[in-house]
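Architecture and fold: a report
The chain contents come next:
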Amino acid sequence: MVEAVLIDLFSLPANLQNNIQGLLHNTLEAIEKCSAIHAPCVYVMCCQRQGSERKGEQEFLLPALRGFQSLKRRLEVVCAQTTAAALYTIKQRLDEKDLSIIKVVLPTLRKDLMKIYIDHLFTAVYQFEFEDLQVISDSESVQISEHQHEGQILSSQDVALIQYEIQMYLESLPSLKGELTILRSSLIPDDVFLHGFTTRTGGISYIPTLSSCNLFSSSKRRDPQVVVKENLRRLANAAGFNPEAFHRVKVDHANAVCIMGKTEPDNYDGIVTDQKGVTLAAPGADCIPVLFADPVRRACGAAHSGWKGTLLGVSMATVNAMVSEYGCNVKDILVVLGPSVGPCCYKLPQESAKEFHSIDPKCVRLSDSASPYIDIRRATRILLERGGILPENIQDDSITDQNQNITFCTACHPDKFYSHFRDGSNFGTQIGFISIKD
């Protein structure tokens, strides 16, 4: 069942501007007749002329809005200077109400154009259907037709212009939840490496569980790739790396490692390089983003270590890749564990807990319960030390000086970090990143 209707009046031909009230009235009448039982939210999208006030635009449309009792409380006019700005504003309204099934009523020639905007600003969470708004220029009559027409074929230049319009609009948005903040480890020498762990502040993601510097997009979440790209651009500006030379692991919750410059696996949780200026990153929203740095051989790496990856030894797999590919000495490699869910909050079923208990009984608390508490950080440290990493070359939450601690519990700090464990399926993601300075 349609939850919202979007009426696109943004780019009506000049000879129809005077008929916009009749156009809107007839369209709303058709929607109301089809929505006697369930009244959807209705958004009317129109152009705000340079220098005009939004209120004035709405007052101009008021005669057409009167009389629709079932719609009036759920109807909003959205005026903006660009399609990107109007559509993104409507997306915010949809997300506030958790609406996902949208009917778009628009002139035939706008259909292909609108699909490009939707593809960039929405994810697969949303379902769209389209109805043609058939405009007869020499008459005030307007019909809504189920018949689908082919719109204009857009050129690659047209698509590029839409992408640029979206990019410029997103860049103009203010940062949310405070300034962008980066946590850095004192263990990694900043004269050789650029690195850090992000927090959730300083981006433009507005959905509560994703707000504000979400750095991962998927088909199951409401943050589109263009928003994540803008968050990454802001991070890159603040941190000083090139976002065009940014490589994030393709999470598989296993132990495969990608060697930069060689054939890229379909999925991998570790990545290493000795190339300057290339930024490697690992995500985390409870799972551990782990950074690796060898200041002697000037090589680095990043790994995503959840409970499965921890048991499969993804951190040592990343270390071993640095040793075999770049001639690193394991005793020179520095390892930093970033913000992740702590043993204070993280539970696993008894069967999985047994595997951590076999690494070290201290990795499990309340081991007799159905879901014991698990310390994946301690397990990671133990496996690294067994692999030859020096204890003093590992930084985690066991650090003596807590003022130097950057391995915070993500679940315990909702103001600073995202947490899948805490926030559910529509969760945001922070990252750990590292590169070798030029």
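See above for the structure.
Scoring rules and cut-offs
Residues numbered from 1 in each chain as written. Predicted model: local features only at pLDDT ≥ 70, side-chain atom pairs only at ≥ 80, totals over all residues. Heavy atoms only, no water. Helix = DSSP H or I, 4+ residues; strand = E, 2+ residues; numbered from the N terminus. Areas by Shrake-Rupley, 256 points an atom, 1.4 Å probe, with all protein chains shown as cover. Disulfide = S-S within 2.5 Å. Pairing = 2+ DSSP bridges. Contact = heavy atoms within 4.5 Å. Axes fitted to C-alpha atoms, helices over the stretch in contact; angles between N-to-C directions. Buried < 20%, exposed > 50% of the residue type's maximum accessible area, 1.4 Å probe, protein only. Phe/Tyr/Trp six-rings, centres within 6.5 Å; stacked < 30°, edge-to-face > 60°. Lys NZ or Arg CZ within 6 Å of the ring centre and 35° of its normal. Core = buried A, V, L, I, M, F, W, Y, C linked by side-chain atoms within 4.5 Å. Domains from an automatic or database assignment. Salt bridge = Lys/Arg side-chain N within 4 Å of Asp/Glu carboxyl O.

**Overview of the overall build of the chain**
Scanning the chain from terminus to terminus reveals 11 helices and 19 strands. Of the roughly 19,600 Å² of accessible surface on the chain, 49% is carried by carbon and sulfur atoms.

**Re the state of the cysteines**
According to the stated counting rule, one finds 0 disulfides in the structure shown. Free of any disulfide, Cys 345 has its nearest neighbouring cysteine sulfur in Cys 412, separated by 3.5 Å.

**Overview of the sheet that holds strand E14 (residues 299-305)**
If you trace the 6 strands from one edge of the open sheet to the other, you get E10-E11-E14-E13-E15-E18, paired in mixed fashion. Single-partner strands in this sheet number two, and they are strand E10 (257-259) and strand E18 (394-395). Bridge count between strand E15 (residues 334-337) and E18: 2 bridges; the pairing is parallel. The residue of E18 that forms the bridge with Val 336 is Gln 395. Contacts from helix H8 (residues 314-326) reach E10, strand E11 (270-273), strand E13 (288-294) and E14 within the one sheet, and its direction differs from that of E14 by about 160°.

**Here's the deal with unusual backbone geometry**
Excluding glycine, residues mostly carry a negative phi; peptide bonds, for their part, are mostly trans. Cis rather than trans, the peptide bond between Ser 211 and Ser 212 has omega equal to 0°. For Ser 212, the location among the structural elements is in the loop between strand E8 (193-198) and helix H6 (225-239). You will see that Asp 286, though not glycine, has its phi angle at about 125°, which is positive. Along the polypeptide, Asp 286 turns up in the loop between strand E12 (279-284) and E13. With relative accessibility at 8%, the residue Asp 286 sits in the buried group.

**Quick look at the packing of aromatic side chains**
Evaluated as defined, the whole model comprises 8 aromatic pairs. Taking the centre distance of 5.0 Å and the plane angle of 80° together, the rings of Phe 122 and Phe 128 count as edge-to-face. By relative accessible area, Phe 122 is classed as buried at 6%. By way of ring pairs, the aromatic residues Tyr 88, Tyr 169 and Tyr 206 are connected into one cluster. The cationic tip of Arg 365 hangs over the ring face of Tyr 373; the distance from NZ or CZ to the ring centre is 4.4 Å. The ring of Phe 408 carries the charged tip of Lys 416 above its face, separated from the ring centre by 4.9 Å.

**Quick notes on the nonpolar core**
If you look at the biggest cluster of nonpolar residues, it comprises 39 residues, and the most contacted ones within it are Leu 87 and Leu 170. Counting only elements with at least two residues in this core, the list comes to strand E1 (4-8), strand E2 (41-47), strand E3 (75-80), helix H3 (83-96), strand E4 (101-107), helix H4 (111-121), helix H5 (156-172) and H6. No fewer than three residues from each of domain 1 (4-135 + 158-171) and domain 2 (176-436) sit in this core. If we skip the residues at most four places from it in the chain, Leu 87 touches Leu 6, Met 45, Met 114, Tyr 117, Ile 118, Leu 121 and Phe 122.

**Quick word on the environment of His 357**
For His 357, the position within the fold is in helix H9 (residues 350-359). The exposure class assigned to His 357 is partly exposed, which follows from its relative accessible area of 36%. For the pair formed by His 357 and Ile 374, sequence separation is 17 residues and the distance between their alpha carbons is 8.9 Å.

**What to know about the pattern of salt bridges**
A side chain with one charge can pair with a side chain of the opposite charge if their charged atoms come near. Within the structure shown, the criterion is met by 19 salt bridges. Glu 129 serves as the salt-bridge partner of Lys 103, at 3.8 Å between the closest nitrogen and oxygen. Within this pair, whereas Lys 103 is found in strand E4, its partner Glu 129 is found in strand E5 (residues 127-135), the two being separated by 26 residues in sequence. Linking Lys 354 and Glu 351 is a salt bridge whose minimum nitrogen-to-oxygen distance equals 3.3 Å. Note that Lys 354 and Glu 351 are positioned in helix H9 at a spacing of 3 residues, about one turn of the helix. A relative accessible area of 46% places Lys 354 in the partly exposed class. Each of Lys 91, Asp 95, Asp 98 and Arg 222 takes part in one network of salt bridges that share partners.

**A word on the side chain of Arg 222**
Counting through the fold element by element, Arg 222 comes out in the loop between E8 and H6. According to the relative accessible area criterion, Arg 222 is buried, its value standing at 6%. Setting aside anything within four residues of it in sequence, one finds Arg 222 in contact with Lys 91, Leu 94, Asp 95, Asp 98, Leu 99, Ser 100, Thr 123, Val 125, Tyr 126, Ile 207, Leu 210 and Asn 426.

**As for the sheet that holds strand E19 (residues 430-436)**
Read across the open sheet, the 5 strands follow the order E7-E8-E19-E12-E9; overall the sheet is mixed. Edge positions in the sheet fall to strand E7 (182-183) and strand E9 (246-248), since each has one partner strand and no second. Taken together, the 5 bridges between E8 and E19 define a ladder with antiparallel strand orientation. Bridging across to E19, His 195 finds its partner in Ile 434.

**Some thoughts on the pairing of E13**
Counting buried positions along E13 gives 7 out of 7 residues, so the element sits mostly inside the fold. Here E13 shows a buried face lined by Ile 288, Val 290, Phe 292 and Asp 294 and a second buried face lined by Pro 289, Leu 291 and Ala 293. Looking at chain direction, E13 and E14 are connected through 7 bridges and run antiparallel. Looking at E14, one finds that Phe 292 is bridged to Gly 301. Where E13 lies against E15, 4 bridges are found, and the strand directions are antiparallel. From the neighbouring strand, Ala 293 faces E15, where its bridge partner is Leu 334.

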